[in-house]
Amino acid sequence: MAVVMENVELRQQLAEVQEQCVELAVDAGELHSENTDLRARLAQAERDRDGWRAQAERVRCTG
């Protein structure tokens, strides 16, 4: 009987750990998506910055 109870407890623990793994996978997917979005926004900000610098340099040279 003790072996049966231990088996039941282990199965419950396994189910809990599997649920935690699923939750971690979902969180990881969300973080990956957010990271991708932030990288795209950073790249756009860098392009904007470079454009503004180039424009300022042109104005400085001609003005």
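Definitions and limits used
Residues numbered from 1 in each chain as written. Predicted model: local features only at pLDDT ≥ 70, side-chain atom pairs only at ≥ 80, totals over all residues. Heavy atoms only, no water. Patch = residues over 30% accessible without salt bridge, like charges linked within 9 Å, V, L, I, M, F, W, Y side chains within 5 Å. Areas by Shrake-Rupley, 256 points an atom, 1.4 Å probe, with all protein chains shown as cover. Salt bridge = Lys/Arg side-chain N within 4 Å of Asp/Glu carboxyl O. Buried < 20%, exposed > 50% of the residue type's maximum accessible area, 1.4 Å probe, protein only. Lys, Arg positive; Asp, Glu negative; His and termini not counted. Charge placed at Lys NZ, Arg CZ, Asp CG, Glu CD. Helix = DSSP H or I, 4+ residues; strand = E, 2+ residues; numbered from the N terminus.

1. Quick look at a nonpolar patch on the surface
Okay, step 1: A contiguous nonpolar surface patch, about 420 Å² in accessible area, is contributed by M1, V4, M5 and V8.
Okay, step 2: Judged by its relative accessible area of 42%, M5 is partly exposed.

2. Re a negative patch on the surface
Okay, step 1: A cluster of acidic residues, E16, E19, E23, D27 and E30, forms a negative patch at the surface.
Okay, step 2: Tracing the backbone through its elements, the reader meets E16 in helix α1 (residues 2-62).

3. Thoughts on the pattern of salt bridges
Okay, step 1: Under the counting rule described, the total for this entry stands at two salt bridges.
Okay, step 2: A salt bridge links R49 to D50; the shortest N-O distance between them is 2.9 Å.
Okay, step 3: For the salt bridge of E57 with R60, the shortest nitrogen-to-oxygen distance reads 2.7 Å. Of this pair, E57 and R60 both sit in helix α1, three residues apart, which is roughly one turn of that helix.

Function cannot be read off these values alone, since they describe shape.
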